[in-house]
Amino acid sequence: MFWAVYYRYPEPMVKIESNKENNFYRILIRPNQSISWKSSLVFIIVIAFTCLSIGMGFAYVGATLILPFAGLEIIIVGFCVYLVLNKTSQQEVVTLSKDKLIIEKGAYKIKKVWKYVRLWSYISVERPHHPWYPAQIVVTSQGERVPLGGFLNEEEKEALISSLENIVQDLR
């Protein structure tokens, strides 16, 4: 239920919900989606109208071979926009309580879930050796390593790290 309710455009990249009475925290992490599905549909329609009107002009003067390529261009642009929007629709939900740590990942629906005992888990930040590479936030438990927020930029990762530190201190 949480998954479907919180997927609205635009939202912050890291959103934290808390319930202090039950010592319960939920962190929603998602990439920056700079354009909505409706706006991208308008973009594709404008591109299609432009390509088809140019193609019709060429077909009118006798160059009908342009029309299949104009159609192919529209299909390729539409497919690329779909891939980008699908990639930016992914999200991660981290649920922390006194005794549980649950990580859910997916786009539109939950595709993978990790459930751990919170006391046996730890969150680490792996800093790169070279400043060009981003830091990586990793949850480790039971021999598994689950990266968090791989799509966030450095400032968003630093904000997530400080929020996670505060939450872990609050749950102790």
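Here the structure is a predicted model, which is why all the values come from computation and not from measurement.

## Side note on the overall build of the protein
Right, so step 1: Scanning the protein from terminus to terminus reveals four helices and eight strands.
Right, so step 2: Across the protein, helices and strands are ordered from the amino to the carboxyl terminus as α-β-β-α-α-β-β-β-β-β-β-α.
Right, so step 3: Computed over C-alpha atoms, the radius of gyration of the protein comes to 22 Å, more than 25% over the 16 Å expected from 2.2 N^0.38 for 172 residues, which places it beyond the range of a compact globule.
Right, so step 4: By principal-axis analysis of the C-alpha atoms, the protein measures approximately 75 × 40 × 25 Å.
Right, so step 5: The 172 residues of the protein split such that 36% are buried.
Right, so step 6: In the protein, the share of contacts with a sequence separation of at least 24, taken over all contacts with a separation of at least 6, comes to 50%.
Right, so step 7: Carbon and sulfur atoms make up 64% of the accessible area of the protein, which totals about 11100 Å².

## Observations regarding the pattern of salt bridges
Right, so step 1: Applying the stated criterion across every chain yields a total of three salt bridges.
Right, so step 2: Of the charged contacts in the structure, one is a salt bridge between Lys105 and Glu92, with a shortest N-O distance of 3.6 Å. Pair noted here: Lys105 is in strand β4 (residues 100–107) and Glu92 is in strand β3 (residues 90–97), with a separation of 13 residues, a long-range link. Across the pair, exposure class does not vary: Lys105 and Glu92 are buried alike.

## Some points on the side chain of Ser124
Right, so step 1: Tracing the chain through its elements places Ser124 in strand β6 (residues 122–126).
Right, so step 2: Classification of Ser124 as buried rests on a relative accessible area of 19%.
Right, so step 3: Discounting chain neighbours no more than four positions away, the residues touching Ser124 are Gln136, Ile137 and Val138.

## Focus: the side chain of Thr95
Right, so step 1: Relative to the helices and strands, Thr95 is located in strand β3.
Right, so step 2: Residue class for Thr95 comes out buried when judged on its relative accessible area of 9%.
Right, so step 3: Separated by 3.5 Å, the side chains of Thr95 and Arg26 make a polar contact.
Right, so step 4: Residues within four places of Thr95 in sequence aside, it is in contact with Phe24, Tyr25, Arg26, Lys100, Leu101 and Ile102.

## Looking at the confidence of the model for the protein
Right, so step 1: On average, residues of the protein carry a pLDDT of 85, and 94% of them reach 70 or more.
Right, so step 2: Of all the helices and strands in the protein, helix α1 (residues 2–5) carries the lowest mean pLDDT, 46, while helix α3 (residues 66–87) carries the highest, 92.
Right, so step 3: Confidence over residues 1–7 falls short of pLDDT 50; this stretch has 23 contacts with residues more than four positions distant or in other chains.

## Observations regarding the pairing of strand β2 (residues 24–29)
Right, so step 1: Counting buried residues in β2 gives five out of six residues, a clear majority hidden from the surface.
Right, so step 2: Pairing between strand β1 (residues 14–19) and β2: six bridges, direction antiparallel. By the bridge assignment, Glu17 is partnered in β2 with Arg26.
Right, so step 3: By the bridge criterion, six bridges tie β2 to β3 in an arrangement that is antiparallel. Pairing of Ile29 across the sheet is with Glu92, part of β3.

## Details of the packing of helix α2 (residues 37–60) against α3
Right, so step 1: Remark: α2 packs on α3, axes separated minimally by 9 Å, with the N-to-C direction vectors making an angle of 170 degrees. Viewed along their axes, α2 and α3 adopt a mutual orientation that is roughly antiparallel. Across the interface between the two elements, Trp37, Ser40, Phe43, Ile44, Ile47, Ala48, Cys51, Leu52, Gly55, Met56, Phe58 and Ala59 of α2 pack against Ile66, Leu67, Ala70, Glu73, Ile74, Val77, Gly78, Val81, Tyr82, Leu85 and Asn86 of α3.
Right, so step 2: Class assignment for the residues of the contact of α2 with α3 results in 18 nonpolar, four polar and one charged.

About the thresholds
- Residues numbered from 1 in each chain as written.
- Predicted model: local features only at pLDDT ≥ 70, side-chain atom pairs only at ≥ 80, totals over all residues.
- Heavy atoms only, no water.
- Helix = DSSP H or I, 4+ residues; strand = E, 2+ residues; numbered from the N terminus.
- Rg over C-alpha atoms; globule rule 2.2 N^0.38 Å.
- Buried < 20%, exposed > 50% of the residue type's maximum accessible area, 1.4 Å probe, protein only.
- Contact = heavy atoms within 4.5 Å.
- Areas by Shrake-Rupley, 256 points an atom, 1.4 Å probe, with all protein chains shown as cover.
- Salt bridge = Lys/Arg side-chain N within 4 Å of Asp/Glu carboxyl O.
- Polar contact = N/O pair within 3.5 Å; in protein donor to acceptor, adjacent residues only side chain to side chain.
- pLDDT = per-residue confidence, 0-100.
- Pairing = 2+ DSSP bridges.
- Axes fitted to C-alpha atoms, helices over the stretch in contact; angles between N-to-C directions.
- Parallel < 35°, antiparallel > 145°, perpendicular 65-115°, else oblique.
- Nonpolar A, V, L, I, M, F, W, Y, C, P; charged D, E, K, R; others polar.

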